[in-house]
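# Inside the fold
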Amino acid sequence: MSFAEKLIDRIAADGGWPVDRYFEASNNHYYATRDPMGAQGDFTTAPEISQMFGELVGAALADCWHRAGSPADAIYVELGPGRGSLAADAMKVLRSVGFAGGVHLIETSPALRKLQAERLPGALFHDDLDGLPAKPILLVANEFFDALPVRQRIGEEERMVVAKKGRLTFAPEFGDIIEIAPARAAAAQKLAHHLGDHGGAALIIDYGYGAGETGDTLQAVKGHEQVDALAHPGEADLTAHVDFAALAAAALGEGLSVTRMISQGNWLETLGLGARAMTLAAKNPERSEEIAGQRRRLAEEMGQIFKVIGLHHPGWPAPAGLPEMPA
Ligand code: SAH
């Protein structure tokens, strides 16, 4: 019996599951069993488009660490590192300025841990933020929070995933949907706690919105196409848009400082994406068009859909390029 058939049987036996339970079970199987990224996979993330993305993230963290007085005990932390490309590119820059701290990767997928360990020899793995040592962190999460499950409500009613004749449907199917994300709130809380207790800064980059938006943002992607979220359990990537206001609120509640949310494109251009693209193209003239295209994708296309926010201990500087929120 396939994973999907087993899942449908379990949902039928239970008389239905809340959306977040389905989302979690599907994504756990999905990520545990494959490398989902790249042309042959299901989707492409910013660090897989170009090394420039990870380099600029690394430069922002390196600058922040330097301005904090280069604390020797600080560590690099990444949530959901995928193939490890972002961490590898960021660490190149961090090492070049003398950062000697450890690399801590929070990843649940055995398949992806294997790829990450190859890219980052010596990295330490954790199942979640609880496992981190009591040290200041330079943290990045790119497309991590969107992979954590959301619940959906219609009015006061929990929206369920139910099995009918061997197929999954939503119940209720229609109505004004409100999403909430307890799993994200829990991760944000732990992150904020760690920053508050031990210091450091975090960059969160994702699809998402600032405030006040509601509605159904659950999406499934397979082979670079949008598909029905219930049609391929465990075989399509499920995401939902991130409520950045909720992340900011969790951080402010822990006494942290929070920057404004800006688009990935604006942020990367402020950090010098254009200059980096020109340097790379000058060194690799045969790739200059490809590099210009990568810059466009990072800054203009996904660059307008994706957003960035910085969270930091009040004793640490805000990461470069992110305007401080007025108090
Ligand atoms: N940051 C990477 C990959 C994004 S895909 C990039 O930009 O390319 C989402 C990543 O989060 C994958 O590595 C996936 O295995 C991981 N992940 C998903 N849910 C997780 C969870 N609950 N705990 C830890 N890692 C998780």
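All figures in this text were calculated on a predicted structure; none of them were measured in a lab. (Residues numbered from 1 in each chain as written. Predicted model: local features only at pLDDT ≥ 70, side-chain atom pairs only at ≥ 80, totals over all residues. Heavy atoms only, no water.)

### Topic: the side chain of Asp-237
Turning to its location among the elements, Asp-237 is positioned in strand E14 (residues 237-239). Side-chain polar atoms of Asp-237 contact the side chain of Tyr-31, separated by 2.7 Å. Excluding residues within four positions of it along the chain, Asp-237 makes contact with Asn-27, Tyr-30, Tyr-31, Phe-43, Gln-219, Ala-220 and Val-221. (Helix = DSSP H or I, 4+ residues; strand = E, 2+ residues; numbered from the N terminus. Polar contact = N/O pair within 3.5 Å; in protein donor to acceptor, adjacent residues only side chain to side chain. Contact = heavy atoms within 4.5 Å.)

### Let's talk about the sheet that holds strand E6 (residues 151-154)
Taken together, three strands build an open sheet; the order of strands is E7-E6-E10 and the sheet is antiparallel. Among the strands making up the open sheet, the edge pair consists of strand E7 (157-158) and strand E10 (177-180). Note that E6 and E10 share four bridges and pair antiparallel. By the bridge assignment for E10, Gln-152 is matched with Glu-179. (Pairing = 2+ DSSP bridges.)

### A few points about unusual backbone geometry
The omega angle of the peptide bond from Ala-171 to Pro-172 is -10°, so this bond is cis rather than trans. In this structure, Ser-70 takes a positive phi of about 50° despite not being glycine. Secondary-structure assignment places Ser-70 in the loop between helix H4 (51-67) and strand E2 (75-79). Unusually for a residue other than glycine, Lys-165 sits at a positive phi of about 50°. Following the sequence through the fold, Lys-165 ends up in the loop between strand E8 (160-164) and strand E9 (167-171).

### Here's the deal with the pairing of E8
The side chains of a regular strand alternate between both faces of the sheet. By the bridge criterion, two bridges tie strand E1 (residues 17-18) to E8 in an arrangement that is antiparallel. In the sheet register, Trp-17 faces E8, and the bridge partner there is Val-161. Note that E8 and E9 share five bridges and pair antiparallel. Bridging across to E9, Lys-164 finds its partner in Arg-167.

### Focus: the side chain of Asp-89
Examined against the element boundaries, Asp-89 turns out to sit in helix H5 (residues 85-96). Residue class for Asp-89 comes out buried when judged on its relative accessible area of 9%. If we skip the residues at most four places from it in the chain, Asp-89 touches Gln-51, Gly-54 and Glu-55. (Buried < 20%, exposed > 50% of the residue type's maximum accessible area, 1.4 Å probe, protein only.)

### Side note on the sheet that holds strand E13 (residues 225-227)
Judged by pairing direction, the sheet is antiparallel, and its three strands sit side by side in the order E13-E12-E14 without closing on themselves. The open sheet terminates on both sides in strands that have one partner only, identified here as E13 and E14. When the angles between neighbouring strand axes are averaged without regard to direction, this sheet yields 40°. (Axes fitted to C-alpha atoms, helices over the stretch in contact; angles between N-to-C directions.)

### A look at the site of the ligand
The ligand sits among 16 residues. The nearest are Thr-45, Gly-80, Gly-82, Glu-107 and Asn-142. Split into classes, the residues belonging to the shell around the ligand amount to eight nonpolar, six polar and two charged. (Near = heavy atom within 4 Å. Nonpolar A, V, L, I, M, F, W, Y, C, P; charged D, E, K, R; others polar.)

### Considerations on helix H9 (residues 264-271)
Those residues of H9 not exposed but buried are Gln-264, Gly-265, Trp-267 and Leu-268. Within H9, the buried residues cover an arc of 165° as seen down the axis, which keeps them to one side. One or two positions beyond H9, positive phi appears at Gly-272, with a value near 105°. (Arc of directions from axis to C-beta.)

### Quick word on the nonpolar core
The biggest cluster of nonpolar side chains holds 45 residues, and the ones touching the most others in it are Val-57, Tyr-76 and Trp-267. When residues in this core are grouped by element, the largest group, nine residues, is from H4. Excluding its chain neighbours within four sequence positions, the residues that come into contact with Tyr-76 are Leu-61, Leu-86, Ala-87, Ala-90, Met-91, Leu-94, Phe-99, Gly-102, Val-103, His-104, Leu-138 and Val-140. One finds Leu-129, Ile-204, Phe-244 and Leu-256 within the second-largest nonpolar core, a separate group that totals 29 residues. (Core = buried A, V, L, I, M, F, W, Y, C linked by side-chain atoms within 4.5 Å.)

### What about the environment of Gly-41?
Summarising the element assignment, Gly-41 is placed in the loop between helix H2 (19-32) and helix H3 (46-49). Among residues more than four places away in sequence, those in contact with Gly-41 are Pro-36, Gly-223 and His-224.

### Overview of the environment of Ala-201
If you trace the backbone, Ala-201 turns up in strand E11 (residues 200-209). Residue classification places Ala-201 among the buried positions, given a relative accessible area of 0%. With 89 residues separating them along the chain, Ala-201 and Leu-112 place their C-alpha atoms 25 Å apart. Ignoring any residue separated from it by four or fewer positions in sequence, one finds Ala-201 in contact with Cys-64, Ile-137, Leu-138, Leu-139, Leu-195, Leu-311, His-312, Trp-316 and Pro-319.

### Overview of the packing of helix H10 (residues 273-283) against helix H11 (residues 288-305)
Where H10 contacts H11, the two axes come as close as 9 Å, and the packing angle between them is 160°. The pairing of H10 with H11 is recorded here as roughly antiparallel in orientation. For the element pair H10 and H11, the recorded crossing hand is right-handed. Where H10 abuts H11, its residues Leu-273, Gly-274, Ala-277, Leu-280 and Ala-281 lie against Ser-288, Ile-291, Arg-295, Leu-298 and Ala-299. Tallied by class, residues from the contact of H10 with H11 come to seven nonpolar, two polar and one charged. (Parallel < 35°, antiparallel > 145°, perpendicular 65-115°, else oblique. Left-handed = near helix turned anticlockwise from the far one by under 90°.)

Note that every value here comes from positions in space, so none of it alone points to a role or purpose.
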